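Breakdown of the fold
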Amino acid sequence: MIVTLVVLAAVAGLILVGAVAWREHRHFVVAESNRRRDDELRRRQEGKVVEDETRLRLSLDAISQGVVIADPAGTVLYRNPFALPYTEARHGEALVEAAVSELLAEAVQGKAVEREVELFGPPRQTLFVSALPLRLDGRDYGSVALIDDITEPQRLDAMRRDFVANISHELRTPMGALSLLAETLVGETEPEVASRLAARVQAEAIRLSDIMDDLLELSRIESNEASERAPVSVQHVISDALSRVSPIAEEKQVPIETALPALDLVVNADRRQLTSAVYNLLENAVKHSEADRLVRVTTRLEGDCVEVEVSDQGHGIPLRHQERIFERFYQVDRSRESTEGGVGLGLAIVRHVANNHGGEVRVESAEGEGSSFTLALLVGAQA
Ligand code: ADP
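Residues numbered from 1 in each chain as written. Predicted model: local features only at pLDDT ≥ 70, side-chain atom pairs only at ≥ 80, totals over all residues. Heavy atoms only, no water.

1. Quick notes on the packing of aromatic side chains
What counts, and what does not: For Phe, Tyr and Trp, rings pair up if their centres lie within 6.5 Å, where Trp contributes its six-membered ring, and each pair is then called stacked (planes under 30 degrees apart), edge-to-face (over 60) or tilted (otherwise). Strands here mean DSSP runs of E at least two residues long; helices mean DSSP runs of H or I at least four residues long; both are numbered from the N terminus. Burial classification: accessible surface area is computed with a 1.4 Å probe over protein chains only, and a residue below 20% of its type maximum counts as buried, one above 50% as exposed, and the rest as partly exposed. A positively charged side chain is recorded as over a ring if its NZ (Lys) or CZ (Arg) lies within 6 Å of the ring centre. The angle to the ring normal must also be within 35 degrees.
With the rule as written, the count across this model stands at two aromatic pairs. With a centroid separation of 5.4 Å and 55 degrees between ring planes, the pair formed by F163 and F329 is classed as tilted. Of this pair, F163 sits in helix α3 (residues 151–187) while F329 sits in the loop between α7 (319–322) and α8 (334–340), placing them 166 residues apart in sequence. Exposure remark for F329: the relative accessible area of 5% places this residue in the buried category. Look at F326 and F373: their rings are 6.3 Å apart centre to centre, the planes differ by 75 degrees, and that puts the pair in the edge-to-face class. One end of the pair, F326, is in the loop between α7 and α8; the other, F373, is in strand β12 (residues 370–378), and 47 residues separate them in sequence. For the pair F326 and F373, a shared accessibility class is recorded, and that class is buried. Here the basic side chain of R244 rests over the ring of Y279, its NZ or CZ set 3.9 Å away from the ring centre. Across the ring face of F163, the terminal group of R328 is positioned such that the distance to the ring centre comes to 4.4 Å.

2. A closer look at the sheet that holds strand β2 (residues 76–79)
Here is the rule we go by: For two strands to be treated as a pair, DSSP must find no fewer than two bridges joining them. For every element, the axis is a line fit to its C-alpha atoms; helices are fit only across the contacting stretch, and the angle between N-to-C directions ranges from 0 to 180 degrees. Contacts: residue pairs with any heavy atoms within 4.5 Å of one another.
As summarised here, the arrangement of the five strands in space is β2-β1-β5-β4-β3, forming an open sheet in which the pairing is antiparallel. Of all the strands in the sheet, the pair left with one neighbour each is β2 and β3 (113–119). When strand polarity is set aside, the average angle formed by the axes of neighbouring strands in this sheet is 20 degrees. In the packing of helix α2 (residues 91–108) onto the sheet, contacts are made with β1 (66–70), β2, β3, β4 (125–136) and β5 (139–149), and the angle to β3 comes to roughly 175 degrees. Packed onto the sheet, α3 meets β3, β4 and β5 and runs at close to 125 degrees relative to β4.

Now the structure itself:
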């Protein structure tokens, strides 16, 4: 009996120990599997964070604007490729870097700040640096600075402003003259004087309409709008331009001679644009020549190009102006030009026509000896 009790107690003890061990083992297994699951979750989360970070970093790298991120202490944590060159030790770059550091430090205080930085180059550049605080739910994460190169937008803006100012100036002169002449004409009783005044009114009106024509022509050619390409005979273009310029040439008694090759050259071009370019070169040659000074138009095939050269024996163009005469509204001598009727758009038209046709326009000139303008168009554009 006693033995039986002892055996039973031992078995019960064994069962208890086994049960405890089993329970502990189960706890262990559950804990282990939970740990594994947590690890896996963490790994996945970490992987996702890394993935998100990489995606964000690549996006920032792709921005064509400088991005510099700093922690609340002002230490730079990230700089995208656009912002990298400004860390170089050269003077201009150091100016940008200094502006970035100062603005980052100011932005950490909680306000958005900005500044323009001029780099005198070369190349001359204007940069717009701005910085913002990085804050969320009252927590401070530092600040971000953005660098924008505003050189080109500023240049375009200045050009637009110049353009409007130039047009207003050019229109104001004939408009002023017109209103003055009309006012005088109203009170004039002498028929002879009245008719002289009317002739001047007409001349000013023609000048005004010439300016408008030039402006419209330039804007049409600049936008290359409604441009039509077709095989065009260079000879036809020259004869069209000659017939347009001949009244002015006759009035000024400037003879024009043409030297054309035996074989007519044909280019694939916009005939109207090409005629306008050759006309402007011819008109300039006549305008800047004294009576009996010969103007010559020569056409030739030169390597890959068809060249139309218009040369004169006029007063020539000083070297320092030769680079700029192709700019819109650029005039060498405004006082002389205002009596000749130009507003500085003719050569801008020629240059645009050349560009539109994949060609170029060149000038050679010597003061007191004359000028020679060459319009070169690629033979590749030939039909
Ligand atoms: P505009 O329409 O007023 O003639 P352009 O753009 O055609 O202006 O020419 C610009 C400047 O270049 C003119 O102010 C003129 O002084 C100069 N120029 C152009 N062609 C000649 C030339 N053949 N001889 C001398 N000067 C010229």
